[in-house]
Amino acid sequence: MRLGDLLVSQNIITQEELYIGLNVQKLTGEAIGECLVRLGFITYQELAEILAIQQRFEYVDLRLFNIPEALIKKVSKDTVLRASFLPLREDEEFVSIAIIDPANLFAIDTAKSIFRKKVKAYLTDKEGFYDTIEKAYYFIENPTDLTVETVNKNVLNTGTVPAEFIPTLVEAILAEGIRRGATDIHIMMTSGVLSVMYRVDGILQYGYALHRALHSPVVTRIKILSKLDIAEQRIPQDGSFVYSIFGRNFEVRVSTIPTIEGESVVMRILFGGSQLTYSLRRLGFTEELVAVLKELIRKPHGIIIVVGPTGSGKSTTLYALLREVPRIKRAVVTIEDPVEYRLSFVKQSQVNERINYDFKLAGRNFMRHDPDIILLGEIRDEETAQIAIRASITGHLVLSTLHTNEAVTSIARLFDLGIDRFMLSTSLLGVLSQRLVRKICPYCKDKREPNERELKIFKQHDIEIGEIAFGNGCALCNFSGYIGRMAVGELLVVNDEIRDLIYAQASISELQMAAMKNGMIPIKIDGLKKIAQGLTTLEELERIVG
């Protein structure tokens, strides 16, 4: 079967999207897969997975694969790029490699000549392949540990801080954060030492200890990059800058606060403007919940809200929802802060507070831009809430986020924001509450018998449990036992009964009971089912959900 037809048969693209891709291909001369990726109809990841099926290869996601540095060093970067392969694993008999072209026999021959072993080839996606190459060889040439050690030794030996070391040190701290996939980097004085910590998969990891003399120069360097007042150390400050590395631009948002040991800095890394690699099925939601979400996104008007705390993946879910929309037939306009992913055939706009361009101003003007669907990044205040609800009852489908913990409590929150009960009951289609839990590392995964407490919890919720999966911890997962995260969620779908309860301003408990009677699976139950499937652990679920 041809690639395009296979993509259609797997419901990854529509026949119309294939038709557009084929027409664009006539103009560009690209392979159809590359053309569909550039148009935003599929991702490189989906393309590689389909090619693997078509060519009978096993797919490997390099984003979740930690290649030993000693193995990488056996092959030069020039050879890797010329032959288009990456070594993954090596044992006494075989060397495993990742390739992006199933017909790349040159890669197999090159690997055989270098390692003098049989070669097992896996297919990977182009984006992950080149990103892994850039990161792997960058850190071989610029090891963060060596940079930190060199700077610390110089300060200890000389008693001074050479100014030329500071930009290199700050860049090394940032690069290490991006390599680890950190969302935030914390720099703070603790017990007379400057500590660097990284938030990875929602958990802070200790990074490096720096000499206390480096505190002021490092903070000053970050302030200069962020265009903050370097002389002001008494009050909090906020700023941002763009950091370019690995062929990509990362927006870094900076927050400083005064503490009793000196200024503390947090840098939030935003992977802005990248291509979306997630679909609803990849996020971790159950097939049943995904099916209902797809029904809701096909509605002509109304509002769908995704709720949860900061860092729970709300924006990514909204983007994944937009991927389910026939964007050629329905005009989509967004206002975001920031634009995290680029979507084809979508008019994406970004908040700019310096010129007072915010969610309120955009929301007031977007309805004159002939949209079918409006993505309003966040409902932050009463005016934004009113704009979102008014848009949803005037023939538009609105997608937005809200900071509440449970699906049903979002209704009370919207009442607090001054939304009329009639307007809310007639416009609200559904509320998805979600969290992100860490997934058990597949490389050190083990099983054990459940203890009494675990058996009691699962029995209480009528969930069958066999053995309990857990991660022992290994070098590939930084000895945490976890790699990556997945979503757990609960979806409140507004039917006639729920609509009447909203209009009557029923209590949260009444709404919760009605929602569960109508099929809503609470977020904790969804998490427990994923534990029973061996995907995460009870400790992780209780850490996130309680």
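Above this note sits the structure.
Residues numbered from 1 in each chain as written. Predicted model: local features only at pLDDT ≥ 70, side-chain atom pairs only at ≥ 80, totals over all residues. Heavy atoms only, no water.

Asker: I'd like a description of the overall build of the chain, backed by residues and values.
Answerer: Within the chain one finds 23 helices and 20 strands. By its C-alpha atoms, the chain is 70 × 65 × 60 Å across when sized along the principal axes. The proportion of buried residues among the 546 residues of the chain is 51%. A sequence separation of at least 24 residues applies to 64% of the contacts in the chain between residues at least 6 apart. Counting every atom, the chain has about 26,000 Å² of accessible surface; 51% of that belongs to carbon and sulfur. (Helix = DSSP H or I, 4+ residues; strand = E, 2+ residues; numbered from the N terminus. Buried < 20%, exposed > 50% of the residue type's maximum accessible area, 1.4 Å probe, protein only. Contact = heavy atoms within 4.5 Å. Areas by Shrake-Rupley, 256 points an atom, 1.4 Å probe, with all protein chains shown as cover.)

Asker: Quick one: what's the story with helix 7 (residues 105-115), residue by residue and with numbers?
Answerer: One full turn of an α-helix is made of 3.6 residues, so residues set three or four places apart face in the same direction. Those residues of helix 7 that sit buried are Ala107, Thr110, Ala111 and Phe115. Along helix 7, the residues classed as buried sweep out an arc of 110 degrees about the axis, all on the same side. Looking at the buried residues of helix 7, the elements they touch are helix 5 (69-72), helix 6 (77-83), strand 1 (85-90), strand 2 (94-99) and strand 3 (118-123). With a side-chain oxygen lying 3.4 Å from the backbone nitrogen of Phe106, the N-terminal cap of helix 7 falls on Asn104. (Arc of directions from axis to C-beta. Polar contact = N/O pair within 3.5 Å; in protein donor to acceptor, adjacent residues only side chain to side chain.)

Asker: Residue-level account of the sheet that holds strand 9 (residues 262-270), with values.
Answerer: With respect to topology, six strands assemble into an open sheet ordered 6-5-4-9-8-7, the strand pairing being antiparallel. A strand with exactly one partner marks an edge of an open sheet, and here the two such strands are strand 6 (203-210) and strand 7 (237-245). Here the average twist between neighbouring strands, direction ignored, is 25 degrees. Where strand 5 (residues 193-200) and strand 6 come together, seven bridges link them in antiparallel fashion. Pairing of Leu194 across the sheet is with Leu210, part of strand 6. (Pairing = 2+ DSSP bridges. Axes fitted to C-alpha atoms, helices over the stretch in contact; angles between N-to-C directions.)

Asker: Describe the pairing of strand 20 (residues 482-493), naming the residues involved and giving the relevant values.
Answerer: Here strand 20 lies mainly inside the structure; 10 of its 12 residues are buried. Taken together, the 10 bridges between strand 17 (residues 428-440) and strand 20 define a ladder with antiparallel strand orientation. Within strand 20, the position partnered with Val431 by the bridge is Leu492.

Asker: Just give me the short version of the nonpolar core, but keep the residues and values in it.
Answerer: Across soluble globular proteins, nonpolar side chains have a tendency to be buried as a group. Counting 48 residues, the largest nonpolar core has Ile13 and Ile97 as its most contacted members. A per-element tally of this core places helix 4 (residues 44-55) first, with five residues. The contact partners of Ile13, leaving out residues within four places of it in the chain, are Gly4, Leu7, Val8, Leu18, Leu36, Phe41 and Ile42. Listed in part, the 40 residues of the second largest apolar core include Ile305, Ala362, Phe415 and Ala515. (Core = buried A, V, L, I, M, F, W, Y, C linked by side-chain atoms within 4.5 Å.)

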